[in-house]
Amino acid sequence: MATAATKREAVQIGTHSGTFHCDEALGCFMLKLTPQFQDCSIVRSRDASVLADCDVIIDVGGVYEPKNNRFDHHQRGFSEVFGHGYNTKLSSAGLVYKHYGRDVIASHMKLPADHPDVETVYLEVYKNFIEAVDAVDNGVNQFDTDSPAKYIVNTTLGSRVARLNPTWNQPYNDETLDAGFANAMELAGKEFLESVHYVADVWLPAKQIVATAIAERHQVDPSGQIIVLKQGGCPWKDHLFNLEKELAVEVPILYVLYEDERERKWRIQCVPPTFGSFDQRKSMPEAWRGLRDEALSAVCGVPGCVFVHASGFIGGNATYEGVVEMARKSVAA
């Protein structure tokens, strides 16, 4: 990593020296994923004359000029957001992602940058990863409340990056700071790539599985409120909510059925009212909850029952026919 005294190299990314944060560490990592900046060095300085020679500058300089590759967010009057319905003010990571994220995603997916799947993943990675970095760096509370937190969370990505800075009783110099910043780039970058991998290679392929289940729901039950996933364990909740809107599903889906591939038994899971909620649109009957095996089968009148959770959000049966009957009885209850 270059310092202020290092001789000018062919391509350089500039950011501020001193204590570092998650946003510029992640922003530098993302830039180095692009063909334009993949072989560049990192210059950490607050000397304007040093930074002026850099090909791209992030998180310092007091200027947001994307055409000149200047990406600071600290200046008075800055209010740039990601768009697409997201209104959190951007950090330097969000600025880099806004302008270079599609190229990074396209490279990972080996697709053109204007491919619809690239756009879907680009937006989803912002929602599930980048926006939190923006919000934390800009001091945006996650909840609209003045109530104190019920517990402390010190394991966020930003917290872990911050701990890579020298502590009060360690040497605070360019050597220790640059070493910590390199570690911060690696940490933030690893988790960014994990997020991209999950969204592109795990989450996105599941959409078609959920879409097929919705299209075939009336074959499972005339109510249309039960769907069967042909691949158990796939992420289905946000796809279900999105597809219900896209397809104008009038009667809400209440239960999702899938096979537990490890145990070769079937599961029934209640659909929550919103993504992330611990409530259910309709729980399984009260009389079933907390029961298992023969006792559960005796109460609900369905052979092969395995369990129903005490809260009524999930249950199981040994057979497909049995779990469908549990779902039908739950719909009718």
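Structure report, in brief. Bear in mind that the values here come from a model prediction, so they are computed numbers and not experimental data. (Residues numbered from 1 in each chain as written. Predicted model: local features only at pLDDT ≥ 70, side-chain atom pairs only at ≥ 80, totals over all residues. Heavy atoms only, no water.)

### So, the pattern of salt bridges
Tallied over the full model, the rule gives 15 salt bridges. Glutamate 246 is the salt-bridge partner of lysine 207, the closest N and O atoms lying 3.9 Å from each other. Of the two residues, lysine 207 sits in helix 6 (residues 174-215) while glutamate 246 sits in helix 8 (residues 237-246), which places them 39 residues apart along the sequence. For glutamate 246, a relative accessible area of 53% puts it in the exposed group. Between arginine 328 and aspartate 221 there is a salt bridge, with its nearest N and O atoms 3.1 Å apart. Taken together, the residues arginine 328 in helix 10 (residues 320-332) and aspartate 221 in the loop between helix 7 (217-220) and strand 8 (226-228) connect sequence positions 107 residues apart. Taking the relative accessible area as the measure of exposure, arginine 328 reaches 34% and is therefore partly exposed. Linked through salt bridges whose partners overlap, the residues forming this network are Asp260, Arg262, Glu263 and Arg267. (Salt bridge = Lys/Arg side-chain N within 4 Å of Asp/Glu carboxyl O. Helix = DSSP H or I, 4+ residues; strand = E, 2+ residues; numbered from the N terminus. Buried < 20%, exposed > 50% of the residue type's maximum accessible area, 1.4 Å probe, protein only.)

### Points about the sheet that holds strand 11 (residues 305-308)
In space, the five strands of this open sheet follow the order 8-9-10-12-11, with mixed pairing throughout. Looking at strand neighbours, the two that pair on one side only are strand 8 and strand 11, the edges of this open sheet. Across the sheet, the mean angle from the axis of one strand to that of its neighbour is 20 degrees, orientation sign disregarded. Summarising the sheet, strand 11 and strand 12 (residues 314-317) pair through three bridges and their orientation is antiparallel. The residue of strand 12 that forms the bridge with valine 308 is glycine 315. (Pairing = 2+ DSSP bridges. Axes fitted to C-alpha atoms, helices over the stretch in contact; angles between N-to-C directions.)

### A word on the side chain of aspartate 134
Looking at where aspartate 134 falls in the secondary structure, it is placed in helix 4 (residues 116-137). Buried charge without a salt bridge: aspartate 134, with lysine 98 as the nearest opposite-charge side chain at an N-O distance of 9.7 Å. Contacts of aspartate 134, omitting those with residues within four sequence positions, involve Thr88, Lys89, Leu90, Ser91, Ala93, Gly94 and Tyr126. (Lys, Arg positive; Asp, Glu negative; His and termini not counted. Contact = heavy atoms within 4.5 Å.)

### Considerations on unusual backbone geometry
One non-glycine residue, alanine 248, lies in positive phi territory at about 55 degrees. In this structure, alanine 248 sits in the loop between helix 8 and strand 9 (255-260).

### Some words on the environment of glutamate 261
Secondary-structure assignment places glutamate 261 in the loop between strand 9 and strand 10 (265-270). The sequence separation of glutamate 261 and alanine 132 amounts to 129 residues, and the corresponding C-alpha distance is 34 Å. Setting aside its immediate chain neighbours within four residues, glutamate 261 contacts Gln231 and Gly232.

### Some points on the packing of helix 1 (residues 22-31) against helix 3 (residues 92-109)
Helix 3 packs onto helix 1 with a crossing angle of 20 degrees between their chain directions and a minimal axis gap of 9 Å. Considering their axes alone, helix 1 and helix 3 lie roughly parallel with respect to each other. In this structure, helix 1 meets helix 3 at a crossing whose hand is left-handed. Taking contact as the criterion, the partners of Asp23, Glu24, Leu26, Gly27, Met30 and Leu31 in helix 1 are, on helix 3, Ser92, Ala93, Val96, Tyr97, Tyr100 and Val104. Each residue belonging to the contact of helix 1 with helix 3 can be placed in one class, and the counts come to eight nonpolar, two polar and two charged. (Parallel < 35°, antiparallel > 145°, perpendicular 65-115°, else oblique. Left-handed = near helix turned anticlockwise from the far one by under 90°. Nonpolar A, V, L, I, M, F, W, Y, C, P; charged D, E, K, R; others polar.)

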